[in-house]
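Topology and contacts: notes
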Amino acid sequence: MSIGGRGSREPEAWLLGAGFAEHDTPFVQTVHQGLDCYLFRLQLDGHAVVTTSGASMVVSAGDLLLFPAGEPYELRIEPDEGDRPGEHLSTDLYLFCNGPWVDRWWNERARKRHLRLALHENCVYLWRQLIEEYRRPGKPDEELCDYLLRALCLTFDKYGYDPKRATPVPIAAERIRAYIERHAAEDLSLSNIADAVGLSISRVVHIFKEAYGQTVVQYLQNVRLQMACDRMRFSNLNLEEIADRCGFHSYSYFYRVFRQKYGISPREFRQRAT
């Protein structure tokens with residue numbers, strides 16, 4: 001059975017821009033007339049306040065924002081009482097897109113502007129592929145971007161609108177996971193996590209392992225490594241600064257666990273990613 005060769009059809013989901021943004025200082029963006037395309041924004045850590053149609057919403061790790069063309073909005077990133085001096089305020093992924101397939105997808109249901117994606121790692125993976133393709137030297141592969149963008153939109157539906165299709169996760173396990181992601185760059189211990197979610201250490205360990213199939217320590221390390229990968233791809237920080245900002249306060253330890261997981265050194269990873 002043939003599915004056609006590459007270039008046999010015109011893409012119907014168009015990637016217009018994609019990237020990774022980290023804010024260490026206050027930031028305000030106001031678009032009074034709205035954009036001429038769709039905007040998707042996924043909060044990875046930190047927090048922000050978004051105002052649209054006269055209503056304001058606070059977004060934190062795992063929150064997805066969806067805006068259609070022509071909808072005014074304001075994005076405001078500012079420190080709050082819980083932030084420590086010098087701490088970065090917000091990290092997010094953003095994406096601009098358009099196209100007839102995206103229009104049909106958007107109009108097939110009443111779209112929420114704010115979705116909570118408890119299992120957003122699936123979205124992050126596709127999002128990163130789109131960013132890498134968009135930033136690749138030369139012209140992005142339009143057909144690949146088309147398929148990746150469609151997959152991302154359908155993943156929004158799966159985890160944002162149809163929770164029965166997603167793997168059920170206990171609320172307590174999700175609270176633990178969310179706390180780890182929000183505070184992964186800090187000095188974090190099992191005791192800190194247990195105090196934050198109001199459970200004993202043994203209960204935290206059991207619930208998390210049962211829900212996600214890995215230990216809290218393993219997950220924390222993986223989150224920190226992924227944070228480091230993002231910064232190596234999309235920031236100009238040196239490797240020692242990246243290690244420190246991602247919770248690895250010893251570069252030698254960061255180097256060892258990075259090489260153990262990915263099979264190459266952090267320097268080799270950065271060279272391949274740029």
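Quick summary incoming for the structure in this document. (Residues numbered from 1 in each chain as written. Predicted model: local features only at pLDDT ≥ 70, side-chain atom pairs only at ≥ 80, totals over all residues. Heavy atoms only, no water.)

**A closer look at the overall build of the chain**
The test is simple: Helix and strand definitions follow DSSP, with helices as H or I runs of at least four residues and strands as E runs of at least two, each counted in order from the N terminus. Only protein chains enter the accessibility calculation, which uses a 1.4 Å probe. A residue is then buried if its area is under 20% of the maximum for its type, exposed if over 50%, and partly exposed in between. Shrake-Rupley sampling with a 1.4 Å probe provides the accessible areas, and residues are treated as covered by the protein chains on show and by no other component.
For the chain, the count of helices and strands is 10 helices and eight strands. Evaluated residue by residue, the chain yields a buried proportion of 48% over its 274 residues. As displayed, the chain has an accessible area near 14,200 Å², and 51% of this comes from carbon and sulfur atoms.

**Concerning the pattern of salt bridges**
Opposite charge on two side chains permits pairing when their charged atoms draw close. Note the threshold: Salt bridge, as used here, is a side-chain nitrogen of Lys or Arg placed within 4 Å of a carboxyl oxygen of Asp or Glu.
This structure, assessed with the given rule, holds 20 salt bridges. The partner of Glu22 in a salt bridge is Arg245, with the nearest N and O atoms 3.8 Å apart. Remark: Arg245 occurs in helix H8 (residues 239–245) and Glu22 occurs in strand S1 (residues 14–23); sequence separation between them is 223 residues. Residue Glu22 is classed as partly exposed on the basis of its relative accessible area, which comes to 23%. Across the pair Glu108 and Arg111 runs a salt bridge, and its minimum N-O distance is 3.5 Å. On the basis of relative accessibility, which here comes to 51%, the residue Glu108 falls in the exposed class. Each of Glu12, Arg104, Asp146 and Arg150 takes part in one network of salt bridges that share partners.

**Comments concerning the packing of helix H4 (residues 171–183) against helix H6 (residues 201–212)**
Convention followed: For helices, the fitted line uses only the C-alpha atoms of the stretch in contact; every axis is such a line through C-alpha atoms, and the angle between N-to-C directions lies from 0 to 180 degrees. Put simply, angles under 35 degrees are roughly parallel, angles over 145 are roughly antiparallel, angles from 65 to 115 are roughly perpendicular, and the rest are oblique. Only heavy atoms matter for contacts: two residues are in contact if any of them lie within 4.5 Å across the pair. Here the term charged refers only to Asp, Glu, Lys and Arg, the term nonpolar to Ala, Val, Leu, Ile, Met, Phe, Trp, Tyr, Cys and Pro, and the term polar to all other amino acids, Gly among them.
At a minimum axis distance of 9 Å, the contact between H4 and H6 shows a crossing angle of 95°. In terms of axis orientation, H4 runs roughly perpendicular to H6. Residues Ala172, Ala173, Glu174, Ile176, Arg177 and Ile180 of H4 touch H6, and the partners they reach there are Val204, Ile207, Phe208, Ala211 and Tyr212. For the contact of H4 with H6, the class distribution of residues is nine nonpolar, no polar and two charged.

**Considering the side chain of Glu181**
Rules: In protein, a polar contact means a hydrogen-donor-capable atom and an acceptor-capable atom, both N or O and within 3.5 Å, with residues adjacent in sequence counting only if both atoms are side-chain atoms; elsewhere, any N or O pair within 3.5 Å suffices.
Here Glu181 shows up in helix H4. Given the relative accessible area of 9%, Glu181 is considered buried. For Glu181, the side chain forms a polar contact with the side chain of Tyr219, separated by 2.4 Å.

**A few points about the nonpolar core**
For the record, the criterion: To form a nonpolar core, buried Ala, Val, Leu, Ile, Met, Phe, Trp, Tyr and Cys residues must be joined to one another through side-chain atoms within 4.5 Å.
With 34 residues, the main nonpolar core has Phe40, Leu95, Trp127, Leu149 and Phe156 as its most contacted residues. At the level of secondary structure, the elements contributing two or more residues to this core comprise S1, strand S3 (38–52), strand S5 (63–67), strand S7 (90–98), helix H1 (100–107), helix H2 (121–135) and helix H3 (142–161). For Phe156, the residues in contact, after removing those within four places along its chain, are Phe40, Leu64, Leu66, Trp105, Leu115, Leu117, Cys123, Trp127 and Tyr161. In terms of nonpolar packing, the next biggest core, distinct from the first, is built from 33 residues, Phe208, Leu220, Cys229 and Phe248 among them.

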